[in-house]
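Coordinate analysis (summary)
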Amino acid sequence: MKKLFGVRFDGKEAYLYTISRGDLSAEITDHGATLVKLFVPDSRGQLADVVLGFDSPDEYTTSTTYFGATIGRNSNRVGNASFILGGKTYRLNANDNEKNNLHSGWDYYKDRLWQVVKHTTNSICLRLDSPDGDQGFPGNAVIHVTYTLDDNGGLVIAYDGVCDKDTVFNLTNHSYFNLAGHDKPELAMSQTLSMPARFFNPDDALSIPTGELRSVAGTPMDFRESKPIGRDILEDYEALNLQGGYDHNFEAFGIPAATLCDPVSGRTMTVTTDCPGIQFYSGNFLHGVTGKDGVSYTYRGGVALETQFYPDSVNHPEWPQPFVKAGEHYHSVTTYRFV
Ligand code: BGC
């Protein structure tokens, strides 16, 4: 199914596409290749829309929450908004604290109108052509994002890219999940999270990694045993104090790399990825944003589990690198599975 989502800032129409498989269904818009709705049953078959979002393209454009957005070419932060590739310095927008780059700058992929190349009952593939110098990145890139609902309760998101120059590819999806339902923000912090991650990246006060990979052992960052997200979030621990809660990269370790569970409905989501990192963000900048159906998304009313390369990895050659050679194929897959 395809229906009009709204008219965008540039006068163009954006559409909403439904995909479904079994009990799962999702709505995706070509405005930013954004996941707008995701309906998931609980054990009694009760459906809830488990992602935060908006009712119109304009709200997605003006908001800085990045609800459900496809982020590219590079997700997360780049220190000093610059990096060196092939001996050349590339400068990005300093859109974060007037110094660093966040989610690739003002000219976000989330505000682009993507081209729908294929839409079936259970999948949609969207394409973006990103010209040489776009957002400051080298090369003409052709990017595809494919959302598929599979036979096993999975929402599979596949990213593909190819570029005519050596460049950066590090795309992610920026959905905020609340497995109780997007309209129950007060329940988000009581959901449990487990992540086998053995270390996380501490950041400076502007959220740029210090370079340390710190063991989670004995810290509130330890999710190796499942615990309610809100249990340790108020602990007096520097990394939590600096970021105002959880907003850190963890190594994506193990299969799954993360499991989120709502103890009330029993809805459980696993995250499996081929990315080296997972940014766990506990919605610390949500302050009563009005979202779908007029719901007020209050403080920490949803959490993001963004699979990606480590933040600022373009400036850390010792970490897994998001650089892709001219003509080489970038391919990455993350699955959010409801079990
Ligand atoms: C970042 C947060 C940022 C948020 C914007 C997340 O990916 O980790 O620091 O505030 O995006 O909504």
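Below: a short report on this structure. (Residues numbered from 1 in each chain as written. Predicted model: local features only at pLDDT ≥ 70, side-chain atom pairs only at ≥ 80, totals over all residues. Heavy atoms only, no water.)

Things to note about the state of the cysteines
Operational definition: A pair of sulfur atoms, both from cysteines and within 2.5 Å, is called a disulfide here. Think of it in three bands: with a 1.4 Å probe and only protein chains considered, a residue is buried below 20% of the maximum accessible area for its type, exposed above 50%, and partly exposed in between.
This structure, assessed with the given rule, holds zero disulfides. Unpaired in terms of disulfides, C125 finds its nearest cysteine sulfur in C275, a separation of 18 Å. Since its relative accessible area comes to 7%, C275 is described here as buried.

Some words on the side chain of E306
The test is simple: Helix and strand definitions follow DSSP, with helices as H or I runs of at least four residues and strands as E runs of at least two, each counted in order from the N terminus. None of His or the chain ends enter the tally, which takes Lys and Arg as positive and Asp and Glu as negative. The rule for a salt bridge is simple: a side-chain nitrogen of Lys or Arg has to be within 4 Å of a carboxyl oxygen of Asp or Glu. Pairing of N or O atoms within 3.5 Å defines a polar contact, subject to two protein rules: one partner must be a possible hydrogen donor and the other a possible acceptor, and residues neighboring in sequence count only if both atoms are side-chain atoms.
Inspection of the secondary structure puts E306 in strand 28 (residues 303-308). Buried charge without a salt bridge: E306, with R77 as the nearest opposite-charge side chain at an N-O distance of 7.7 Å. A polar atom in the side chain of E306 sits 3.4 Å from the side chain of H174.

What about unusual backbone geometry?
With omega at -10°, the peptide bond leading from G72 into R73 counts as cis. The residue R73 is located in the loop between strand 6 (69-71) and strand 7 (77-78) in this model. Looking along the chain, the bond that leaves I255 and enters P256 is cis, with omega of 0°. Even without being a glycine, D293 presents a positive backbone phi close to 55°. Topologically, D293 is positioned in the loop between strand 26 (289-290) and strand 27 (296-297).

Describing the packing of aromatic side chains
Operational definition: Within 6.5 Å between ring centres, the rings of Phe, Tyr and Trp (the latter by its six-membered ring) count as paired, and their orientation is classed by plane angle as stacked under 30 degrees, edge-to-face over 60, tilted in between. For a lysine, the NZ atom is tested; for an arginine, the CZ atom; a charge sits over a ring if that atom is within 6 Å of the ring centre and within 35 degrees of the ring normal.
Summed over the entire model, instances satisfying the criterion amount to 22 aromatic pairs. Where F54 meets Y60, the ring centres are 5.1 Å apart and the plane angle is 85°; that geometry is what we call edge-to-face. Each member of the pair, F54 as well as Y60, carries the same accessibility label: buried. Residue placement shows R198 over the ring face of F253; its charged tip is 3.7 Å from the ring centre. Sitting over the ring of F223, K227 keeps its end group 4.3 Å from the ring centre.

A short note on the layout of surface pockets
Definition in use: Note on definitions: the grid is 1 Å and covers protein atoms alone; a cavity is a set of points where a 1.4 Å probe fits but cannot get out; a pocket is an open set with protein on both sides within 12 Å along at least five of seven lines; lining residues have an atom within 4 Å of a point. Grid points are joined across faces, edges and corners, and a volume is the space filled by probe spheres set on the points. The residue classification treats Ala, Val, Leu, Ile, Met, Phe, Trp, Tyr, Cys and Pro as nonpolar and Asp, Glu, Lys and Arg as charged. All others, Gly included, are polar.
The space that makes up the largest pocket amounts to roughly 470 Å³. In terms of lining, the largest pocket is formed by 26 residues, of which the most central are R77, D96, L102, Y281 and F285. At the level of secondary structure, the elements contributing two or more residues to the lining of the largest pocket comprise helix 2 (238-243) and strand 25 (277-281). The residue inventory of the lining of the largest pocket, partitioned by class, reads 11 nonpolar, 11 polar and four charged. Considering the residues around the second largest pocket, the lining is formed by 17 residues, among which D23, L24, V40, P41 and F338 are closest to the centre.

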